[in-house]
Every structure is written in C-alpha cells, then in structure tokens.
Amino acid sequence: MTMTHPGLPLSWALGVFISMLVLALWSMTVPPPGSHQQHSWPLPGLASLSRWLTATTWPLRLLKLLIVALFLLVIIAGLQGSPIPERNIATVLTWNWWWAGLVFSVFLLGSAWCAVCPWDTLANWLVRLRLPGRQLTAHSLALKVPKALRNLWPALWLFVGLTWLELGVGITASPYATALLALTMVVLTTASLAVFERKAFCRYFCPVGRTIGFYAQLAPIELRPVDTDICARCTTLECYHGTEKVDPCPTHLVMGKLIENTYCVSCGNCTQSCPHQNIAWRPRPLSREALQTARPHWDEAWFMLCLLGLTGFHGVTMLPQWTGWISGLGQQLQDSGQLLLSFSLAMLLATALPILIYALCIGWLRALAKPSRQQPQHMGFKPLFSGCAFVALPLAFAYHLAHNLNHLVRESGASPELLSNPLGLGALPLSMEEIHLRHMNMWISPDWLSALQAGLLLLGFWIALQVIRHRGHRLLGLQRLQLFPLLLFVCATTAYHLWLLMQPMTMRM
Amino acid sequence: MRRRPYTHNPARQLEGYVPSTGLTENTMSKGYNKRGNILRIIVVLSLVLQSVMAQAHHVLGRPSYSLNEDSNTPPSMQVETQIGDYFVTYMVFPAFPKAKEPGRVNMYAARIDDGSSFNGEVTFTVRNNGWLNDFLSNRQEETLGVQLLDDGVYRQGFVFKEDGDYIVSARFESGGEPYIIDFPLRIGAPSAVGPIGITVTILALLLLGINLLKRRELMRAKVHSAQRHHEP
C-alpha cells in the first residue's frame with residue numbers, strides 16, 4: 001500500500017487563488033513603481049558579529065569539522081548499513097533533512113551552506129594539505145577554466161542529472177547509492193580544485209551551489225561593503241587578490257562591485273582580507289536582487305527557468321497517479337524495467353513545457369512592446385527572455401519551500417532508533433503501525449502546515465509580481481498592459497503549483 | 001518517438017549473457033533454451049546500482065522492503081516492474097538473504113489490460129552479476145528450476161553457497177513472445193571496500209599526477225631562471 005500525504009485543503013487553496021486574482025488586478029491598475037533603490041539595513045551588531053565569526057575562524061572550522069563528520073557518517077552508513085532507507089541515517093539525513101532543509105536555510109541565511117560544504121572542505125584538505133589560511137605552494141595546476149565552460153551550462157546539466165538520479169533512478173531511497181553519490185561529489189570537487197584555479201567547481205559546476213546562489217538573490221541577507229566609498233578608493237583589492245595569509249575570493253568577486261549574491265559562497269575570505277574591515281553581513285529587503293540589481297544573462301535565465309520546471313516536476317512525480325501515467329507511457333514506448341526512458345522523456349517534457357510557455361509569453365510581450373523613450377529600439381527576444389526570467393525564481397522558490405515543508409514536517413521524525421542505530425543494523429522494515437505513526441506525528445499541526453504552504457505560495461506570487469513591475473517597467477520600459485503576457489505566465493504557474501499542492505503526495509520514505 | 005518493433009528483434013544485450021557454474025544448490029533443474037525475439041528488462045539500470053538492493057518506496061521498478069504482520073513470513077524485498085503486456089512483481093524472502101541459508105523468490109505476472117495472471121511455465125536461472133564477470137567471461141548461467149502457477153504465484157527456492165551479487169532471470173513465453181526478466185539479488189552484505197577503494201585510488205592518482213606536473217613546472221621554471229641568470 002502506498003502512503004500519501006493529504007494535500008492543501010480546498011479552503012486554503014481558494015483563499016490563495018482569490019488573493020492571487022486580487023493581487024494580479026492590483027498590479028495591473030496601480031502606477032508603476034518609482035525608481036528609488038531599496039537599501040540594506042545596516043545593523044552594527046550583526047556586522048561586528050559576522051566579522052568576529054569570520055576573522056576568528058575557529059567557529060567556522062568547528063562547524064566544517066562537524067559537517068564533514070556527518071558527511072563521512074553518511075558514506076559509512078550508506079555503504080555498510082541497512083538498505084532500508086527509513087532505517088539508515090544516510091538516506092534520512094541526506095534527502096529528508098539536508099536536501100529538504102537546504103532550501104529553508106537559503107531563505108534565512110542565503111548561501112551560508114556553501115561556507116560549510118563538506119565536498120569543498122574535503123577537497124581543500126586533500127589538495128591543499130592544510131586546514132587554515134593560504135596555501136603558498138598550491139598543489140593545484142590552477143588552470144583557467146576553459147571559456148566554453150565559463151558559464152552555467154555545466155551546473156545546469158549536473159542539476160538535471162541530479163534530479164534524474166533522484167526521481168528517476170531513485171537514489172533518495174538507496175543508502176548505498178546515496179553514499180556513492182557522496183563519494184562522486186568529493187571526487188569531482190577535488191578534481192576541479194586540483195586542476196582549475198580557485199574554486200571553479202563552486203563557481204561553474206556545482207548544481208547545489210548554483211541553485212543556492214540563485215535562490216540567495218531572494219534572501220533577506222547579503223555580504224557587502226559597509227562603506228562603498230572605501231571600496232571606491234581601494235586600489236589593492238585584497239578581497240579579489242587575497243593577502244599573504246588569506247585566500248582570494250574563490251569565485252572571482254570584487255566586493256566593491258558586487259550587486260548580487262548569486263556567486264558568493266559565503267567563505268568569508270573578503271571579511272578577513274579587507275584591510276579596512278569594510279565587509280560584513282547585513283539584512284536587506286527580501287528579493288532585492290531579483291527585483292532590481294541582478295544582471296540578466298542568457299545561461300542564468302535558462303537555469304532559473306529549468307529550476308522552475310524541475311521543482312514542479314518534483315511534485316508531479318509524487319502524485320499517486322504518476323505511476324499509472326509513466327506505466328502507460330512505458331507501454332507506448334515499449335519501455336520496460338524501471339522505465340527510465342519513459343521517465344526521461346516525461347522529465348524533458350515537464351521541464352521544457354514551462355520554458356516553452358514562457359518563451360511564447362515573451363514573444364507576445366515583444367509584439368506588444370513598442371519602442372519608447374526609455375527603449376527607443378524594439379527589444380530583441382534574447383534580452384527580454386533573459387531580463388524577464390527572474391520571475392521564475394520566486395515562483396520556483398516558493399513552490400520548492402512549500403513542497404519541501406511537507407517532507408520535512410511529515411517524514412523527518414528522528415526516531416530514537418535511528419539516532420541510536422544510525423546504520424540501521426539489524427533493523428526491520430517499518431511496520432504499518434510505524435508508518436502510520438510517522439504519517440500522523442508531524443512537527444506542526446496540519447492547519448499550520450496549510451497556512452505556511454499557502455503563505456509561501458502567495459509570497460512567491462507577490463514577489464513575482466514585483467519582479468514584473470520593477471524589471472518590466474523600470475528596466476525594460478514596458479507599460480502595464482504590455483506586461484500582461486508575463487502576468488499571465490505568473491498566474492498560470494502559481495495556479496499549477498497550487499493544484500500540485502492540493503493533490504495527495506506519495507511519501508518519499 | 002519511433003516505436004520499437006515488438007517482434008523479430010534481437011534481445012537487448014543489456015547485461016551480456018555468459019553462463020556461470022557452481023552458484024547454487026538447485027532445488028530443481030530443467031534446461032529451457034529459447035531463441036528468437038526476446039523482450040528483456042533490467043531492473044537495476046546502472047553500474048552505480050549494481051550492488052544495491054533497496055530503492056524507493058513502492059515505485060515501479062524499484063525495490064521496497066516490507067514487514068508482513070499478518071503472517072509469520074520474514075521481511076521481504078519486493079520489486080514491481082512492467083515488461084511488454086505484463087506487470088511483474090517479484091518478492092525475495094528473506095529481505096536480506098545470506099549464503100548457505102534457504103530463501104525464496106515469489107513472482108507474480110499479471111496482464112496490464114485485464115489483470116489476469118500469466119499461467120504457464122516460468123524458468124528461473126541465476127548467474128553472477130558485475131562488469132568484472134563480463135570481462136572475465138565468468139557468467140555461466142545455472143537453472144534454479146521451472147515452476148508452474150500455484151495460487152497466483154510462481155515460487156522458486158534457492159540456497160547460495162557464497163556471498164555476492166547475482167542476477168536471477170525469470171523466463172516465460174506468452175502470445176508467442178519470449179519474456180526474460182532479470183533482477184539483481186545480493187547475497188550477504190555489500191562490500192564497502194570497493195567504492196571507497198576506487199575513490200581513494202582515483203584521488204591518489206589525480207593528486208599524484210598533479211603533483212608530478214607541478215614539480216616539472218617548478219623544475220622548468222628553475223632551469224629557465226638559471227639560464228637567464230647566466231646569460232651575458
């Protein structure tokens with residue numbers, strides 16, 4: 001018998017839907033937003049704390065050690081422990097806690113996970129052979145990444161591959177495969193660090209890091225110069241070049257020019273290397289970069305749109321009807337076994353369809369957009385496609401959060417048996433009673449869960465509307481009615497996500 | 001997408017087909033060779049999963065573990081999959097079989113359209129699994145037995161002499177089409193040394209190689225520097 005989680009109740013869904021319509025109408029009727037820049041909120045206490053944390057280094061080192069220890073536990077448990085996924089800490093820790101919880105950490109802390117990433121930590125230990133500070137005699141070839149790879153396509157393909165492994169091959173319920181994936185990531189990260197300069201894997205290849213980076217554009221926190229005048233006068237750029245004791249920025253960022261979180265991996269090198277102690281964490285308005293400052297690029301647009309398609313696809317694969325659909329497709333294609341061919345085709349369609357609809361909306365928008373004072377020439381398809389793709393980010397993020405919330409609160413109950421027997425040695429499969437208990441013992445009440453999911457979806461919709469208003473009008477010079485195709489896309493996507501949330505969802509474990 | 005022809009196609013050689021010997025103590029043995037167009041499937045679909053037994057929770061093509069609380073049967077491992085016109089479910093008792101201990105495979109084959117069970121003979125065979133065995137040409141196949149439908153299920157017992165990875169094949173013919181279903185069977189605990197050993201070896205070779213290249217680079221730089229120093 002397949003256990004399913006109940007979906008979002010109809011009452012909540014109707015509330016979200018009506019709110020959506022009201023907000024959409026509002027956005028079409030109110031005047032466009034002004035040109036004022038949203039400013040960060042300097043909090044001296046937070047700045048001092050963040051400088052102390054990064055300058056002192058031992059709290060971060062301690063945290064890295066802890067995360068690496070857990071990572072090694074995942075590998076050992078996966079290779080040596082029980083193959084029953086819900087009894088083995090490898091699968092529970094990786095896919096229920098870490099993978100589901102990671103998105104929430106971005107919401108609160110931006111790309112803070114990257115600072116303690118175990119793949120990077122282990123790669124550094126292996127390649128540089130020391131823990132802190134700059135390795136003067138680097139054991140890396142330090143080659144420049146080939147120009148053809150200096151974009152987001154490698155990370156995008158790896159992300160698609162990871163999703164394929166997760167949902168198609170089913171590694172999320174295989175402790176052994178989870179451990180193999182963990183080892184593979186260590187090998188990839190180490191190879192990249194040994195061959196290329198700085199942290200090329202983090203910058204160009206890491207599927208998790210790049211996803212975090214994009215979502216971090218929406219985060220209410222940023223690492224920036226405290227006084228931009230100091231950076232404007234700076235000629236030594238220690239943040240970029242590093243110092244004798246501190247590594248340079250691993251992702252080639254210059255703090256004085258930094259306007260987006262996308263490629264910041266929160267390593268804290270800049271806070272240590274800046275001779276004026278001018279770099280600090282600070283809170284800021286939610287989603288400021290997606291609304292205003294982030295620069296559009298073709299490869300980034302595709303990444304954001306694929307993120308949107310794949311997050312929705314996650315939900316589709318957990319519908320109770322999914323098995324029947326894929327089975328039917330498998331029969332049509334004469335596929336058999338695990339039906340990977342059918343799954344791959346379905347994944348391709350599910351990812352391509354939102355992008356195709358988005359492209360059609362952009363084409364329509366382009367047809368509606370006439371040259372204006374702000375945009376004297378007719379805008380090309382590519383700049384519009386790239387510039388408006390930021391609407392995908394809050395939509396993907398909101399659904400990702402709402403979907404993962406279900407997993408977290410329903411499937412992450414750390415039973416005493418798991419903590420006392422992390423490898424699950426000698427453990428039996430879950431009994432029906434245990435499955436029911438896990439299903440019922442949620443971290444929060446069903447009402448709270450529904451409220452949070454509905455709230456998240458609405459928040460994503462609201463931010464997407466703001467992206468349309470800010471970017472559409474201020475940056476692209478489009479008028480309200482000209483933005484209607486984009487509004488339609490946002491409404492349709494949110495409605496689709498709402499429908500997905502309303503459906504019962506198959507338990508992962 | 002082009003529809004693959006249903007008949008008169010050679011079998012997809014997804015895992016190779018080399019017989020092996022001395023794998024099991026047979027409960028029943030009967031040769032059963034059929035050629036022609038063969039539909040075969042592989043339940044484990046990648047090298048990464050060769051030694052894996054546990055997969056997702058009740059999803060087509062992936063194993064799941066269950067505890068049957070209604071009877072005295074031990075925990076079982078179950079995989080549901082589809083091939084051609086049939087849904088096939090196989091269950092392995094116990095869920096984690098060990099060498100020299102008896103076990104059983106239950107197979108259910110029901111038509112997708114009307115749910116009726118396949119009623120005929122099913123031949124169970126077993127061979128070693130693993131790519132190394134392909135290279136060593138060590139894939140002799142041994143027949144476990146030929147079973148008839150019994151209360152809706154085909155039951156085949158086994159006792160393996162040694163731990164290892166095996167492929168159990170179930171063969172039957174329906175509507176003139178031969179069916180071969182391969183499913184992996186892990187006897188004993190999987191080895192952790194293999195993946196860790198491979199990882200350590202790759203990393204060691206990589207870092208050693210990089211180290212050698214860096215030393216050569218440094219030496220070349222020293223030589224050039226010395227040459228420039230001695231130039232008038």
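Structural data are supplied above this passage.
Described below are features of the structure shown in this document. Note that residues are indexed from 1 along each chain, following the sequence as it is written. In the order they appear in the text, chains get letters beginning with A and ligands get numbers beginning with 1. Since the coordinates come from a predicted model, pLDDT governs what is reported: local features require at least 70, and pairs of side-chain atoms require 80 or more to be given and counted, while whole-chain, interface and lining totals use all residues.

1. A closer look at the overall build of chain A
Here a helix means four or more residues in a row that DSSP labels H or I, a strand means two or more in a row labelled E, and each is numbered from the N terminus. A tally of regular secondary structure across chain A gives 23 helices and four strands. Since a compact globule built from 509 residues should have a radius of gyration of about 23 Å, the 23 Å found for chain A is in line with a globular shape. Overall, chain A is about 65 × 60 × 45 Å in size when its C-alpha atoms are taken along their principal axes. Three exposure classes are used. Buried residues have 20 or more other C-beta atoms within 10 Å of their own C-beta, exposed residues have 12 or fewer, and partly exposed residues fall in between, all C-beta atoms being placed from the backbone. Classification of the 509 residues of chain A by burial places 50% in the buried group. A pair of residues counts as a contact when their C-beta atoms, built from backbone coordinates, are within 7 Å of each other. Put simply, 83% of the contacts in chain A that link residues at least 6 apart link residues at least 24 apart. Note on method: radius of gyration uses C-alpha positions; expected globular size equals 2.2 Å times residues raised to 0.38.

2. Remarks on the overall build of chain B
When helices and strands are counted, chain B shows two helices and ten strands. Listing each helix as α and each strand as β along chain B from the N terminus yields β-β-β-β-β-β-α-β-β-β-β-α. Taking the intrachain contacts of chain B between residues at least 6 apart in sequence as the baseline, contacts between residues at least 24 apart amount to 62%.

3. Brief notes about helix H23 (residues 484–502) of chain A
The span you would expect from a helix comes to 1.5 Å times its residue count less one. Between the first and last C-alpha of H23 of chain A there are 27 Å, a value that for 19 residues agrees with the 27 Å anticipated at 1.5 Å per step. Among all positions in H23 of chain A, only Pro485, Leu486, Leu487, Phe489, Val490, Thr493, Thr494, His497, Leu498, Leu500 and Leu501 of chain A are buried.

4. Some points on the nonpolar core
Side chains that are nonpolar tend, in soluble globular proteins, to be buried together. Residues and elements named next belong to chain A. The nonpolar core criterion groups buried Ala, Val, Leu, Ile, Met, Phe, Trp, Tyr and Cys residues into a set whenever they are joined through C-beta atoms within 7 Å. The biggest cluster of nonpolar side chains holds 137 residues, and the ones touching the most others in it are Met304, Val391, Ala392, Leu457, Leu486 and Val490. Sorting elements by how many residues they give to this core places helix H19 (residues 392–411) first, with twelve residues. What counts as a domain boundary in this text is fixed by an automatic or database domain assignment. Taken domain by domain, this core gets at least three of its residues from each of domain 1 (58–284) and domain 2 (296–424 + 443–509).

5. Focus on the pairing of strand S5 (residues 103–111) of chain B
Residues and elements named next belong to chain B. At least two DSSP bridges between two strands are needed for those strands to be called paired. Where strand S4 (residues 86–93) and S5 come together, eight bridges link them in antiparallel fashion. Each residue of the ladder has a partner; that of Val88, found in S5, is Ala109. Two elements, S5 and strand S8 (residues 154–158), share five bridges in a ladder whose sense is antiparallel. Residue Gly103 lies in a different strand from S8, and its bridge partner there is Phe158.

6. Notes on the environment of Ile76 of chain A
For Ile76 of chain A, the position within the fold is in helix H3 (residues 58–80). In this structure Ile76 of chain A comes out as partly exposed when scored by C-beta crowding, with 17 C-beta atoms within 10 Å.

7. Quick look at the packing of helix H15 (residues 298–317) of chain A against helix H17 (residues 340–368) of chain A
Residues and elements named next belong to chain A. Each axis is a line fitted through C-alpha atoms, and for a helix only the stretch in contact is used; angles between axes span 0 to 180 degrees, taken between their N-to-C directions. Interhelical geometry of H15 versus H17 gives an angle of 135° and a closest axis separation of 8 Å. The orientation of H15 with respect to H17, classified from their angle, is oblique. As H15 packs across H17, the resulting crossing turns out to be right-handed. Contacts between H15 and H17 involve Leu305, Cys306, Leu308, Gly309, Leu310, Gly312, Phe313 and Val316 from the former and Met347, Ala350, Thr351, Pro354, Ile355 and Tyr358 from the latter. Residues are grouped as follows: Ala, Val, Leu, Ile, Met, Phe, Trp, Tyr, Cys and Pro are nonpolar; Asp, Glu, Lys and Arg are charged; every other residue, Gly included, is polar. Classifying every residue of the contact of H15 with H17 gives eleven nonpolar, three polar and no charged. Here the angle decides the label: under 35 degrees means roughly parallel, over 145 means roughly antiparallel, 65 to 115 means roughly perpendicular, and every other value means oblique. Left-handed is the label given to a crossing in which the near helix is rotated counterclockwise from the far helix by less than a right angle, and right-handed is the label when the rotation is clockwise.

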